[in-house]
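Chain residues, written in single-letter form:
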Amino acid sequence: MMDNVLVITMFTLSGLSGTTNYRVILFALTLCYCVIWLVNLTIIVTVIVDKKLHEPMYIFLCNLCINGLYGTAGLYPKFLLDLLSTTHVISYAGCFLQGFVLHSSACADFSLLVLMAYDRYVAICRPLVYHSVMTKQRVGVFVFFAWLIPFSLNLMGTITTSTSRLCGIVAVTSAVAAIIGVLAVASVRALYYCGYQSCGNRSDTV
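Reference entry: report on the structure contained in this document. Predicted model only: the values in this text are computed from it and were never measured. (Residues numbered from 1 in each chain as written. Predicted model: local features only at pLDDT ≥ 70, side-chain atom pairs only at ≥ 80, totals over all residues. Heavy atoms only, no water.)

### Structural notes on the overall build of the protein chain
As a reminder, the rule being used: Only DSSP runs of H or I with at least four residues qualify as helices, and only runs of E with at least two residues qualify as strands; both kinds are numbered from the N terminus onward. Whether a residue is buried, partly exposed or exposed follows from its accessible area with a 1.4 Å probe, protein chains only, as a fraction of its type maximum: under 20%, in between, or over 50%, in that order. Contact definition: two residues touch when any of their heavy atoms are within 4.5 Å. Areas reported as accessible are Shrake-Rupley estimates using a 1.4 Å probe. Residue values count occlusion only from the protein chains shown.
The number of helices and strands found in the protein chain is 8 helices and 5 strands. Helices (α) and strands (β) of the protein chain occur, in sequence order from the N terminus, as β-α-α-α-α-β-α-α-α-β-α-β-β. Looking at the protein chain as a whole, 38% of its 206 residues qualify as buried. The long-range fraction of contacts in the protein chain, counting pairs at least 24 apart against all pairs at least 6 apart in sequence, stands at 75%. Total accessible area computed for the protein chain in this model is approximately 12,000 Å², and 71% of it derives from carbon and sulfur atoms.

Structure (structure tokens):
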């Protein structure tokens, strides 16, 4: 009995197939990527240079901006390239890399926002002990784990997904390669947008 497995090297991103007549307009609109870089870099440099801003909230905000640059770097460059290209493909490794960057960035966003909320909670509800609670050492530990935990969890998820056997995948029906789309065609039963699907019900698209 033959194993229902294919050797996959490239994925087709069919989500952009309907944007043929609007590529130039979409490309112009997505040039806001430059604005994102400018705004985030301005905030980061300002916080680093101005010693008066070396406070917990501004440190968390600086890290949030860094994460914003990291997350958009995993999306916009490839998206802009695909808008101007006639072929929309992504390599197997590139798919997992993009998925890891986007997922880890989203998780890091939540972690940093939780820290910012905790900082405001201590400042408002426990103002007398704020400086003894939010010390530089403790803030450093908080920031370290705010990055470490999302990266570690998403790295384990990416490695686990990359070892799953694929069957029958040809195209990913979105503009961005997502790990959940790859899981939907793995040899194990996986949950995805429309419900449950396994190799017993093979599909050419995700």
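What follows continues from the structure just given.
### What to know about the packing of helix H3 (residues 56–73) against helix H5 (residues 92–125)
Inclusion rule: Axis definition: a line fitted to C-alpha atoms, over the contacting stretch in the case of helices. Angles run 0 to 180 degrees between N-to-C directions. Throughout, the term roughly parallel applies to angles under 35 degrees, roughly antiparallel to angles over 145, roughly perpendicular to angles from 65 to 115, and oblique to all others. Crossing handedness: left-handed means the near helix sits turned counterclockwise from the far one by under a right angle, and right-handed means the same turn made clockwise. For this scheme, ten residues count as nonpolar: Ala, Val, Leu, Ile, Met, Phe, Trp, Tyr, Cys and Pro. Four count as charged, namely Asp, Glu, Lys and Arg, and the remainder, Gly too, count as polar.
Two numbers describe how H3 lies on H5: the axes approach to 9 Å, and their chain directions differ by 165 degrees. Between H3 and H5, the angle falls in the class roughly antiparallel. Crossing angle aside, the handedness with which H3 passes H5 is left-handed. Partitioning the contact of H3 with H5 into residue classes produces 14 nonpolar, 5 polar and 3 charged.

### As for the packing of H3 against helix H7 (residues 136–162)
To characterise two packed helices, one gives the angle between the axes of the helices and the distance between these axes. Running from N to C, H3 and H7 point in directions that differ by 25 degrees, and their axes come no closer than 10 Å. The orientation of H3 with respect to H7, classified from their angle, is roughly parallel. The element H3 and its partner H7 pack so that their crossing is right-handed. Contacts from Pro56, Ile59, Phe60, Asn63, Ile66, Asn67 and Tyr70 of H3 reach H7 at Val139, Val143, Trp147 and Phe151. The residue makeup of the contact of H3 with H7, split by class, is 9 nonpolar, 2 polar and no charged.

### Describing the packing of aromatic side chains
Note the cut-off: Two aromatic rings, drawn from Phe, Tyr or Trp (for Trp, its six-membered ring), form a pair once their centres lie within 6.5 Å of each other, and the interplanar angle then sorts them: stacked below 30 degrees, edge-to-face above 60, tilted otherwise.
Applying the stated criterion across every chain, the model contains 8 aromatic pairs. Seen in terms of ring centroids, tyrosine 33 and tryptophan 37 are 6.4 Å apart; in terms of plane orientation they differ by 85 degrees. Their pairing is edge-to-face. Of this pair, tyrosine 33 and tryptophan 37 both sit in helix H2 (residues 32–49), 4 residues apart, which is roughly one turn of that helix. For tyrosine 33, a relative accessible area of 13% corresponds to the buried category. Centre to centre, the rings of phenylalanine 100 and phenylalanine 151 are 5.7 Å apart; their planes meet at 80 degrees, and the pair counts as edge-to-face. Taken together, the positions of phenylalanine 100 in helix H5 and phenylalanine 151 in helix H7 put the pair 51 residues apart, joining distant regions of the chain. You can call phenylalanine 151 partly exposed: its relative accessible area is 26%. Taken together, the aromatic side chains of Tyr70, Phe100, Trp147 and Phe151 make up a single cluster linked through ring pairs.

### Some thoughts on a nonpolar patch on the surface
Quick reminder of the rule: Patch membership requires over 30% relative accessible area and the absence of a salt bridge. Like charges are linked within 9 Å, and nonpolar side chains (Val, Leu, Ile, Met, Phe, Trp, Tyr) within 5 Å. Every case where a carboxyl oxygen of Asp or Glu lies within 4 Å of a side-chain nitrogen of Lys or Arg is listed as a salt bridge.
A surface patch of nonpolar side chains, amounting to about 660 Å² of accessible area, comprises Val141, Phe144, Phe145, Leu148, Ile149, Leu153 and Met156. Within the element layout of this structure, valine 141 appears in helix H7. Residue classification places valine 141 among the partly exposed positions, given a relative accessible area of 42%.

### Remarks on the environment of isoleucine 36
For isoleucine 36, the position within the fold is in helix H2. On the basis of relative accessibility, which here comes to 23%, the residue isoleucine 36 falls in the partly exposed class. The spatial distance from the C-alpha of isoleucine 36 to the C-alpha of glycine 68 is 8.2 Å, given a sequence separation of 32 residues. With residues near it in sequence (within four places) discarded, isoleucine 36 still touches Leu69, Thr72 and Tyr76.

### What to know about the nonpolar core
The following threshold applies: Remark: nonpolar core denotes a set of buried residues (Ala, Val, Leu, Ile, Met, Phe, Trp, Tyr, Cys) joined through side-chain atoms within 4.5 Å.
Counting residues in each nonpolar core, the largest one holds 15 residues, and the members touching the most others are Phe60, Leu112 and Met134. Secondary-structure elements contributing two or more residues to this core are H3, H5, helix H6 (130–133) and H7. Looking at this core, the element that brings in the most residues is H5, giving 5 residues. Counting residues in each nonpolar core, the second largest holds 6 residues, with Ile44, Val47, Leu53 and Cys62 among its members.

### Digging into H3
Helical geometry: 3.6 residues make up each α-helical turn, so side chains three or four residues apart lie on a common side. Using the following cut-off: By this rule the span expected of a helix is its residue count minus one, scaled by 1.5 Å.
For H3, with 18 residues, the first-to-last C-alpha span of 26 Å sits near the 26 Å given by 1.5 Å per residue. Among all positions of H3, only Pro56, Met57, Phe60, Cys62, Asn63, Leu64, Cys65, Asn67, Leu69, Gly71 and Thr72 are buried.

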